[in-house]
Amino acid sequence: MGTLSLVTFNTHYGLGPPRQGARPYDLRAVLADLAADVMVIQEVWRPDGEHGVVDAFVEEPGYAMHHVATGHATDTGRWPHHDPVGRGTVGIAVLTRVPARPLASLPVGPTLGDPAPARALPQVEVTIDGARPLRVVGVHLTSRLPHGPMIQLRRLQRDLPPPGTPTVVAGDCNFWGPPATALLRDGWRRGVTGRTWPAARPHSQIDHVFTRPGDVAVTRPVVLGACGSDHRPVRVRLDW
């Protein structure tokens, strides 16, 4: 049997909410406080396209970083966003401090209106002695409602392994839990429920951890407090 802790967190480029001026917060300290065996991190900002705060965090505590860039971006203006002529890149990362190997990323783009037409999702296979491998899929879907997340969830569903393969799907879906589980089908369930966005006064849960209970059990689920980003982090323990 395997057991590990998992956190998913949208960093918002290391900037605070737009209504508060999108000022930088201490992302490195936040990541250190959130530290888990597996961390699914969205909006990983690399100012030069190569190195950023998340990369610096990974260098110290011995994590491995499995990263997929979703496109060029800018952190200037009223809020950070994809920009084809932006000075850096933004992406999704799965950080692991347990043995893991990268698997092929899962394409979910292009999608009408999505500024990241080549959007793809990282996935890794975690191996813990005595347990079957656990597949972890890191998610950050388009925010182009209403059609965008639905299209991308359907594409993701086609590429997920069948029941019987321990798998967790975690991240920012930009979509509510009940319709997301319906689109994923095949017995997927939310592992944690609670409002995650916007962080100061959340009214919606768009950050999720999905498992199939027959394959992976979720315990100790919690939506954590606001910590700088406009999203609240989610933490769970996984047993399989």
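Structure shown above.
Residues numbered from 1 in each chain as written. Predicted model: local features only at pLDDT ≥ 70, side-chain atom pairs only at ≥ 80, totals over all residues. Heavy atoms only, no water.

Caption draft 1: Seen up close, the sheet that holds strand 13 (residues 234-239). One open sheet accounts for 7 strands, arranged 4-3-5-2-1-13-12; its pairing is mixed. Each edge of the open sheet carries a strand with a single partner, namely strand 4 (81-82) and strand 12 (217-223). Taken together, the 2 bridges between strand 3 (residues 64-74) and strand 4 define a ladder with antiparallel strand orientation. Following the sheet pairing, threonine 74 is matched in strand 4 by histidine 81. Sheet strands in contact with helix 1 (residues 27-34) are strand 1 (3-10), strand 2 (38-46) and strand 13, and its direction is about 155 degrees off that of strand 1. (Pairing = 2+ DSSP bridges. Helix = DSSP H or I, 4+ residues; strand = E, 2+ residues; numbered from the N terminus. Contact = heavy atoms within 4.5 Å. Axes fitted to C-alpha atoms, helices over the stretch in contact; angles between N-to-C directions.)

Caption draft 2: A look at the pattern of salt bridges. Taken as a whole and assessed by the stated rule, the structure comprises 8 salt bridges. As a salt-bridge pair, aspartate 55 and arginine 46 come within 2.6 Å of each other at their nearest N and O atoms. A single burial state applies to aspartate 55 and to arginine 46, both of which are buried. (Salt bridge = Lys/Arg side-chain N within 4 Å of Asp/Glu carboxyl O. Buried < 20%, exposed > 50% of the residue type's maximum accessible area, 1.4 Å probe, protein only.)

Caption draft 3: Layout of helix 4 (residues 177-184). Taken together, the buried positions of helix 4 are occupied by Gly177, Ala180, Thr181, Leu183 and Leu184. The buried residues of helix 4 occupy an angular sector of 160 degrees when the element is viewed end-on, so they sit on one face. Looking at the buried positions of helix 4, the neighbouring elements they touch are helix 3 (147-159), strand 10 (189-190) and strand 11 (207-211). Just downstream of helix 4, arginine 185 is the residue with a positive phi angle, here 60 degrees. (Arc of directions from axis to C-beta.)

Caption draft 4: Main features of the side chain of arginine 119. If you trace the backbone, arginine 119 turns up in the loop between strand 6 (100-107) and strand 7 (120-126). Classification of arginine 119 as buried rests on a relative accessible area of 4%. From its side chain, arginine 119 meets the backbone oxygen of histidine 140 in a polar contact 2.9 Å long. Once residues lying within four places of it in the same chain are set aside, the contact partners of arginine 119 are Thr70, His82, Leu106, Pro107, Val108, Gly109, Asp114, His140, Leu141, Thr142 and Gln152. (Polar contact = N/O pair within 3.5 Å; in protein donor to acceptor, adjacent residues only side chain to side chain.)

Caption draft 5: Region of the structure containing the nonpolar core. Counting residues in each nonpolar core, the largest one holds 21 residues, and the members touching the most others are Leu4, Leu6, Val126 and Val136. Among the elements of the structure, strand 1, strand 2, strand 7, strand 8 (134-140), strand 9 (167-172) and strand 13 are those that each provide at least two residues to this core. In terms of residue count, strand 13 provides more of this core than any other element does, 3 residues in total. For leucine 6, the contacting residues outside a window of four places in its chain are Ala36, Val38, Val40, Val136, Val168, Ala170, Val209, Val234, Arg235, Val236 and Leu238. (Core = buried A, V, L, I, M, F, W, Y, C linked by side-chain atoms within 4.5 Å.)

Caption draft 6: Here's a closer look at the pairing of strand 5 (residues 88-96). Counting buried positions along strand 5 yields 9 of 9 residues, so the element is predominantly enclosed. Of the two faces of strand 5, the one lined by Gly88, Val90, Ile92, Val94 and Thr96 and the one lined by Thr89, Gly91, Ala93 and Leu95 are each fully buried. Strand direction decides the pairing type here: strand 3 and strand 5, joined by 9 bridges, are antiparallel. Bridge pairing in strand 5 places histidine 66 opposite valine 94.

Caption draft 7: Representation of the packing of helix 3 against helix 4. Between helix 3 and helix 4, the shortest axis-to-axis distance is 8 Å and the interhelical angle comes to 40 degrees. Classified by the angle between their axes, helix 3 and helix 4 sit oblique to one another. Crossing geometry of helix 3 relative to helix 4 is assigned as right-handed. Residue-level inspection shows Met150, Leu153, Arg154, Leu156 and Gln157 of helix 3 in contact with helix 4, the latter providing Ala180, Leu183 and Leu184. In the contact of helix 3 with helix 4, the residues fall into 6 nonpolar, 1 polar and 1 charged. (Parallel < 35°, antiparallel > 145°, perpendicular 65-115°, else oblique. Left-handed = near helix turned anticlockwise from the far one by under 90°. Nonpolar A, V, L, I, M, F, W, Y, C, P; charged D, E, K, R; others polar.)

Caption draft 8: Quick look at the pairing of strand 2. Most of strand 2 sits out of view: 9 of its 9 residues are buried. As paired strands, strand 1 and strand 2 are joined by 5 bridges and run parallel to one another. Looking at strand 2, one finds that leucine 6 is bridged to valine 38. Two elements, strand 2 and strand 5, share 7 bridges in a ladder whose sense is antiparallel. When the sheet's bridge partners are listed, valine 40 is paired in strand 5 with valine 94.

By themselves, these observations are geometric and do not establish any function.
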